[in-house]
Amino acid sequence: MHFVIIGNGVAGIEAAFAIRDRLGPGEAKITVISDETDYFFSRTALMYAYMDKLDRRDLEPYERKVYAQKQIELVRGRVVDLDAAEASLRLQDGSTVAYDRLLLAVGAKPRMVPFAGLDEVEEGLVHFVSMQDLDECERLTWSTERAVVVGGGLIGVELVESLTHHGVEVTFLVREPWFWPAALGKEEAEIVAEHIREHGVDLRMEEEMSEIQVDDAGRVSGVRTNLGDEIPCQMLGVAIGVQANVEWLQGVSTPPAINRGVMVDRSFRTTLPNVWAAGDCVEVDVGRRPGLVETIWYSAKRHGKLAGLSMAGERVEYHPPLFYNSTKFFELEFTTVGDCVDVADGATTLFRKMPGKPISQRIVANERGEVIGFNMLGSRFDHRVLEQWIHDRRDLAWVQRHLQEAQFDVEFGRVPLSKMVEKEIA
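Residues numbered from 1 in each chain as written. Predicted model: local features only at pLDDT ≥ 70, side-chain atom pairs only at ≥ 80, totals over all residues. Heavy atoms only, no water.

*Asks:* Tell me what's going on with helix 6 (residues 186-198), and back it up with residues and numbers.
*Replies:* With 13 residues, helix 6 extends 18 Å between its outermost C-alpha atoms, agreeing within 8% with the 18 Å of an ideal straight helix rising 1.5 Å per residue. Listing the buried residues of helix 6 in full gives Glu-188, Ala-189, Ile-191, Val-192, Ala-193, His-195 and Ile-196. Note on helix 6: the residue one or two positions beyond its end, Gly-200, has a positive phi of about 85°. (Helix = DSSP H or I, 4+ residues; strand = E, 2+ residues; numbered from the N terminus. Expected span 1.5 Å × (residues − 1). Buried < 20%, exposed > 50% of the residue type's maximum accessible area, 1.4 Å probe, protein only.)

The structure is reproduced here in structure tokens:
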């Protein structure tokens, strides 16, 4: 049986490995097709390559020989057509690939809106999602003294940090009243904003780009904001989110059902026979409308493994786990688990702050007093412990007494939790 996977990101490779773990080479031929890179790389580490802290090869989580050992064939190419009636793919070079079972793991692409002046841009506008984006950023950096980055999320701050590392003067435009409101409360967002500004970044809240300006050669030369300010720059980073990379699928011979992503059930089956989909490109039917779209690395990894097992014949049913993510804002560690923002009425929020230091903890409990979420900023916590406490329905007072048990041992010692100042937030 021939298993074909389109996409060599984390969902695609996790699926390939899951299939191989269940089915040997005599039972399953596995082919992975990608037009981005020859080998799977860690997309979340792109910034470290941009900052010259890692070589490109270091972005690859697995040694290249692993694919040969597992007898997984890697094909570099772009798929341009899917004919489910014939169980066949057509590549851009005209070749065809037949499959018995197919996985669409085609990821996400940067979201764009029709900014005024966009049609005039020939050069200088970048995103920061793909290896090709990294190439373009590196190509432009040497000729850039000043940049503007638009978008108050993780990709935006990673691009800002990378640019400042190279000595580029950066203005960071965030249209929301505080940084990353999808995950941060106002209190910790203010700490993050102060930290970003301490690195010399011109961070502006509630200000957004209204027009892109270009020079005679079509290179970005500046932006105008909604407040009427004109900011000269040679490089413009647009990081206003991502969306499922499914536009091309709408024009194939037999498109799957698509809404905000490829529609799949809890076993990651699409509406086409013998076709699955997983990762950033899917919308999972979880019994409510709209379905579930999860465009983060940890979810794509889970999707891929379960989709692979499903393709291999195992019965799987996806139930999204507690939300979890971790990142850094320059040097600030951040871990979030569960629900911390947009919580239901009656919830209690305890905000803890270390005086004089960019360290805080947000702990949220529901109306019954059971803890449902943690935002831990500026120090390291074990998310597995925090998740278990939520599953165990521990109350707020119990969690306060045991919080130290979730701290990681670190080189310079644990943060002295007893010195933190607490307040309840309505």
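*Asks:* Which residues make up the packing of helix 1 (residues 10-22) against helix 7 (residues 297-311), and what values go with them?
*Replies:* In contact at an axis separation of 7 Å, helix 1 and helix 7 are set at 35° when each is read in the N-to-C sense. Crossing of helix 1 over helix 7 shows right-handed handedness. Only Trp-297, Ala-300, Lys-301, Gly-304, Lys-305, Gly-308, Leu-309 and Met-311 of helix 7 make contact with helix 1, whose side of the interface consists of Val-10, Ala-11, Glu-14, Ala-15, Ala-18, Ile-19 and Arg-22. Looking at the contact of helix 1 with helix 7, its residues break down into nine nonpolar, two polar and four charged. (Axes fitted to C-alpha atoms, helices over the stretch in contact; angles between N-to-C directions. Left-handed = near helix turned anticlockwise from the far one by under 90°. Contact = heavy atoms within 4.5 Å. Nonpolar A, V, L, I, M, F, W, Y, C, P; charged D, E, K, R; others polar.)

*Asks:* Talk me through the nonpolar core; I want residue IDs and the actual numbers.
*Replies:* Considering soluble globular proteins, one finds that nonpolar side chains tend to be buried as a cluster. Of all hydrophobic cores here, the largest spans 54 residues; its most connected members are Leu-89, Leu-102 and Leu-103. In terms of residue count, the dominant contributor to this core is helix 1 (seven residues). Listed in part, the 44 residues of the second largest apolar core include Leu-46, Leu-154, Val-157 and Phe-172. (Core = buried A, V, L, I, M, F, W, Y, C linked by side-chain atoms within 4.5 Å.)

*Asks:* Explain the UniProt feature "domain: FAD/NAD(P)-binding" (unreviewed entry) in the chain residue by residue, including any values.
*Replies:* Under the UniProt annotation, the feature "domain: FAD/NAD(P)-binding" (unreviewed entry) is placed at residues 2-293. The annotated region residues 2-293 carries 20% helix and 28% strand content, and the separation between its end C-alpha atoms amounts to 28 Å. (UniProt positions renumbered as here; feature names shortened; annotations may be inferred.)

*Asks:* Lay out the sheet that holds strand 15 (residues 230-232) with the relevant residues and their values.
*Replies:* Spatial strand order, 13-14-15: three strands in an open sheet with antiparallel pairing. Taken across any chain shown, the strands that pair with only one partner, and hence form the sheet edges, are strand 13 (209-214) and strand 15. Along the sheet, successive strands turn relative to each other by an average axial angle of 25°, direction set aside. Strand direction decides the pairing type here: strand 13 and strand 14 (residues 220-225), joined by five bridges, are antiparallel. (Pairing = 2+ DSSP bridges.)

*Asks:* Talk me through the domain arrangement of the chain; I want residue IDs and the actual numbers.
*Replies:* What the domain assignment lists for the chain is domain 1 (2-109 + 243-312), domain 2 (118-240) and domain 3 (324-423). A C-alpha centroid distance of 35 Å is found between domain 1 and domain 3. (Domains from an automatic or database assignment.)

*Asks:* Lay out the sheet that holds strand 24 (residues 360-365) with the relevant residues and their values.
*Replies:* The sheet built from six strands is open, its strands ordered 21-22-25-24-23-26 with antiparallel pairing. Pairing within the sheet leaves two strands with one partner each, and these edge strands are strand 21 (324-329) and strand 26 (421-425). Neighbouring strand axes in the sheet, compared pairwise and without regard to direction, differ in orientation by 15° on average. As defined by bridge partners, strand 23 (residues 348-353) adjoins strand 24 across six bridges and the pair is classed as antiparallel. For Leu-350, the partnering residue across the bridge sits in strand 24 and is Ile-363. Contacts between helix 8 (residues 383-391) and the sheet are confined to strand 21, strand 22 (332-338) and strand 25 (371-377), with strand 25 contributing the most and set at about 160° to the helix.

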